[in-house]
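Okay, here's what each chain looks like letter by letter:
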Amino acid sequence: MRRIDRRRQERLRRRLVSFGISFALGALVATLLTDRLQRRASHSPEPLPIATTGEAESSGGRPPRAPAVEAAAPSMTEAIADLAGRNLLIPVDGVTANRLMDTFNDSRALARRHDAIDIMAPRGTEVRAADDGTIAKLFTSKAGGLTIYQFDPTQTFSYYYAHLDRYASGLAEHQSVRRGQLLGYVGSTGNASENAPHLHFAIARLGTDRAWWKGDPINPYPLLAK
Ligand SMILES: [Zn+2]
């Protein structure tokens, strides 16, 4: 009789223990679920889920996402806005903004776009630096004649002066120049008409290689005719 009782008691005790354990587990799961649901509910109306995503990514052991947008070169619109803020000088003495003509989109030899403006002036008129910077290259070409490539101080842009009659005395490559500094004189060297001397002036945004002969053309007209 006693033995039976003891067995019953033992069985009852085991049941109680297992019931207790499952109850505890159930309660724990329920608590976790409720907690999660509550958190989700409280997070959902937040307008900035990006921060949460970023945290999750960096805590996952992956390297933080590269700041691709910051590293990328500024857009052409930004570059032009930057140039507009520099107050570029009309690079030919005595020429006022109202005398400039927008010939940037004109077509030239070999169906090429002009990508520059021609500033008409008598032969020998002073040509001055449109901006601070350095003389990147003094170059003579068949089309441009006697030319100057100047870089701006940040080496983002190049300014190109062509058909010069001659350079200012002492002008040399790698020399730094100031806005308004004399660079040379208007002429008609290269393919310019003898009886129409002018300064062919171009602006380009340089590539990452800073090659003086390359770049994306920017219309100087709106930057000078302000
Ligand atoms: Zn031209």
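Residues numbered from 1 in each chain as written. Predicted model: local features only at pLDDT ≥ 70, side-chain atom pairs only at ≥ 80, totals over all residues.

Peer 1: Would you mind showing me how to read the overall build of the protein here?
Peer 2: Scanning the protein for helices and strands turns up 5 helices and 11 strands. In the protein, buried positions account for 25% of the 226 residues. Excluding contacts between residues fewer than 6 apart, the proportion of contacts in the protein whose partners are at least 24 apart in sequence is 62%. (Helix = DSSP H or I, 4+ residues; strand = E, 2+ residues; numbered from the N terminus. Buried ≥ 20, exposed ≤ 12 C-beta atoms within 10 Å, placed from the backbone. Contact = placed C-beta atoms within 7 Å.)

Peer 1: Mind showing me how you'd approach the nonpolar core here?
Peer 2: One broad trend across soluble globular proteins is that nonpolar side chains are buried collectively. Grouped together as the largest cluster of nonpolar side chains are 36 residues, with contacts concentrated most on Val127, Tyr161, Leu199 and Phe201. If you list the elements that add at least two residues to this core, you get strand 3 (117–120), strand 5 (133–141), strand 6 (145–151), strand 7 (157–167), strand 9 (182–186), strand 10 (198–205) and helix 5 (221–224). Once residues lying within four places of it in the same chain are set aside, the contact partners of leucine 199 are Pro91, Val92, Ile119, Ala121, Val127, Tyr161, His163 and Val186. (Core = buried A, V, L, I, M, F, W, Y, C linked by C-beta atoms within 7 Å.)

Peer 1: Please clarify how the environment of leucine 138 should be interpreted in this entry.
Peer 2: Examined against the element boundaries, leucine 138 turns out to sit in strand 5. C-beta crowding within 10 Å serves as the criterion here: with 17 such atoms nearby, leucine 138 is assigned to the partly exposed category. Along the sequence, leucine 138 and tyrosine 161 sit 23 residues apart, while their C-alpha atoms lie 9.8 Å from each other. Excluding its chain neighbours within four sequence positions, the residues that come into contact with leucine 138 are Ile148, Tyr167, Leu171 and Glu173.

Peer 1: I would appreciate a short explanation of the environment of arginine 179 in the present structure.
Peer 2: Summarising the element assignment, arginine 179 is placed in the loop between strand 8 (176–177) and strand 9. With 16 C-beta atoms counted inside 10 Å, the residue arginine 179 sits in the partly exposed group. Taking the C-alpha atoms as reference points, arginine 179 and leucine 88, 91 residues apart in sequence, are found 8.0 Å from one another. Contacts of arginine 179, omitting those with residues within four sequence positions, involve Leu89, Ala129, Ala130, Asp131 and Asp132.

Peer 1: Would you mind going over the pairing of strand 6 with me for this structure?
Peer 2: A regular strand places its side chains so that they alternate between the two faces of the sheet. By the criterion of burial, strand 6 is predominantly enclosed, with 6 of the 7 residues buried. Relative to strand 6, strand 5 is paired through 7 bridges, and the arrangement is antiparallel. Within strand 6, the residue paired with lysine 137 across the bridge is tyrosine 149. Turn length for the strand 5-strand 6 hairpin, with the two strands adjacent in sequence and antiparallel, is 3 residues. The sheet contact formed by strand 6 and strand 7 spans 5 bridges and is antiparallel. Bridge pairing in strand 7 links leucine 146 to leucine 164. In this structure, the hairpin formed by strand 6 and strand 7 is closed by a connection of 5 residues, where glutamine 155 is found at a positive phi of approximately 55°. (Pairing = 2+ DSSP bridges.)

Peer 1: Sorry, what's going on with the pairing of strand 3 here?
Peer 2: The alternating pattern of strand 3 places Ile117 and Ile119 on a buried face, while none of Asp118 and Met120, on the opposite face, is buried. Summarising the sheet, strand 3 and strand 10 pair through 4 bridges and their orientation is antiparallel. If you follow isoleucine 119 over to strand 10, its bridge partner there is leucine 199.

Peer 1: Would you mind going over the confidence of the model for the protein with me for this structure?
Peer 2: Low-pLDDT stretches of the model should not have their predicted coordinates read in fine detail. Residue-level pLDDT values for the protein average 81, and 71% of them are 70 or greater. Predicted confidence for residues 37–61 stays below pLDDT 50, and this span has 3 contacts to residues more than four positions away or in other chains. This model gives residues 66–70 a pLDDT under 50, and the stretch forms 1 contact once residues within four places in sequence are excluded. (pLDDT = per-residue confidence, 0-100.)

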